[in-house]
Amino acid sequence: MSVPYETAAREPRRSPESAEEHLARLLGRALNSFELPDETIRRLDCALAYDGSLHSALHSAGLHRETYRHTWLLADGSALTLWELVHNTAPGAEPQHEVYVDEEELRTATGRLPLPPDTPDLELTALAQLSCVPVTRHTYTAEDSADHARRLLRRAENADRPGADIAALLATASGHRITQAFGRPCRTGRAGLCFSLYEHAFLLRDGGEVSLWEVEHTATPDGRHMCEVYETEDAARDAMERRAAQVQ
């Protein structure tokens, strides 16, 4: 028997930032956010999900520069990317933030910075190709991991949620981590509809790893939040597509 989301929600839960909150923080810290086209801001008003990553980094003689890729999934199924430049103008100075709509503008802005021109960016894609770099395990939180698994399964409302065998396996979890997933878009036409996908990875005592995929959404008749849990990412994303189609 599933436990209603409202009942499960009485337990302590994380509060992930929404796509709108990520955008507000980016625009709030960028010195040149007022230069962004109005059309770009209007498109971002309908963002459903967010993903961000470090693109490149350079540190030299107390000066630093990092560039970040910020991508939002929009309600029409398309994606929009903004590029953030973070740098200091003198050793020890406070970092400054700038935001741009494309990589060409980003390259022009980085070219104005007082950094050695003959020192290349630390491109993450190049690092990934170095065979001498060992593959590292994920970092896990060791606090109450088995209880985290129990609460996750208890709040799942889908009939095809993981069964007793998975619950018994995760009762031996010695670590866990939570990450928000982003990728294949989930299209929807109803305004205000919200989907979030999270991977809950568990480290077992024998060194094995197991992941569960949590879908949080408001594709319910009354717009309330609902939690569903699946054993694979594909199953979770298929469920998101079905739920979105039901409310269009």
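For the structure, see preceding data.
In this report, the structure presented in the accompanying data block is examined. None of these values were measured; they are calculated from a predicted model.

**With respect to the overall build of the protein**
So, step 1. For the protein, the count of helices and strands is eight helices and nine strands.
So, step 2. Each of the 248 residues in the protein was classed as buried or not, and the buried ones make up 42%.
So, step 3. Restricting the contact set of the protein to residue pairs at least 6 apart, pairs at least 24 apart contribute 60%.
So, step 4. Working note: accessible area of the protein is about 13600 Å², and carbon and sulfur atoms make up 53% of it.

**A word on the environment of Ala57**
So, step 1. Relative to the elements of secondary structure, Ala57 occurs in strand β1 (residues 47–60).
So, step 2. Taking the relative accessible area as the measure of exposure, Ala57 reaches 11% and is therefore buried.
So, step 3. Put simply, Ala57 and Thr67 are ten residues apart on the chain and 6.4 Å apart in space, counted from C-alpha to C-alpha.

**Quick look at the packing of aromatic side chains**
So, step 1. Throughout the structure, instances matching the rule amount to one aromatic pair.
So, step 2. Geometrically, the ring pair formed by Tyr50 and Trp72 is tilted, given 5.2 Å between the ring centres and 55° between the ring planes. Highlighted residues: Tyr50 in strand β1 and Trp72 in strand β2 (residues 63–74), separated in sequence by 22 residues.

**A short note on the pairing of strand β9 (residues 226–230)**
So, step 1. Among the five residues that make up β9, five are buried, leaving the element largely enclosed by the rest of the structure.
So, step 2. Residues Met226, Glu228 and Tyr230 point to one face of β9 and Cys227 and Val229 to the other, with burial holding for every one of them.
So, step 3. Pairing analysis gives five bridges linking strand β8 (residues 209–217) to β9, with the strands arranged antiparallel. In the sheet register, Glu216 faces β9, and the bridge partner there is Cys227.

Reading guide: rules and limits
Residues numbered from 1 in each chain as written. Predicted model: local features only at pLDDT ≥ 70, side-chain atom pairs only at ≥ 80, totals over all residues. Heavy atoms only, no water. Helix = DSSP H or I, 4+ residues; strand = E, 2+ residues; numbered from the N terminus. Buried < 20%, exposed > 50% of the residue type's maximum accessible area, 1.4 Å probe, protein only. Contact = heavy atoms within 4.5 Å. Areas by Shrake-Rupley, 256 points an atom, 1.4 Å probe, with all protein chains shown as cover. Phe/Tyr/Trp six-rings, centres within 6.5 Å; stacked < 30°, edge-to-face > 60°. Pairing = 2+ DSSP bridges.

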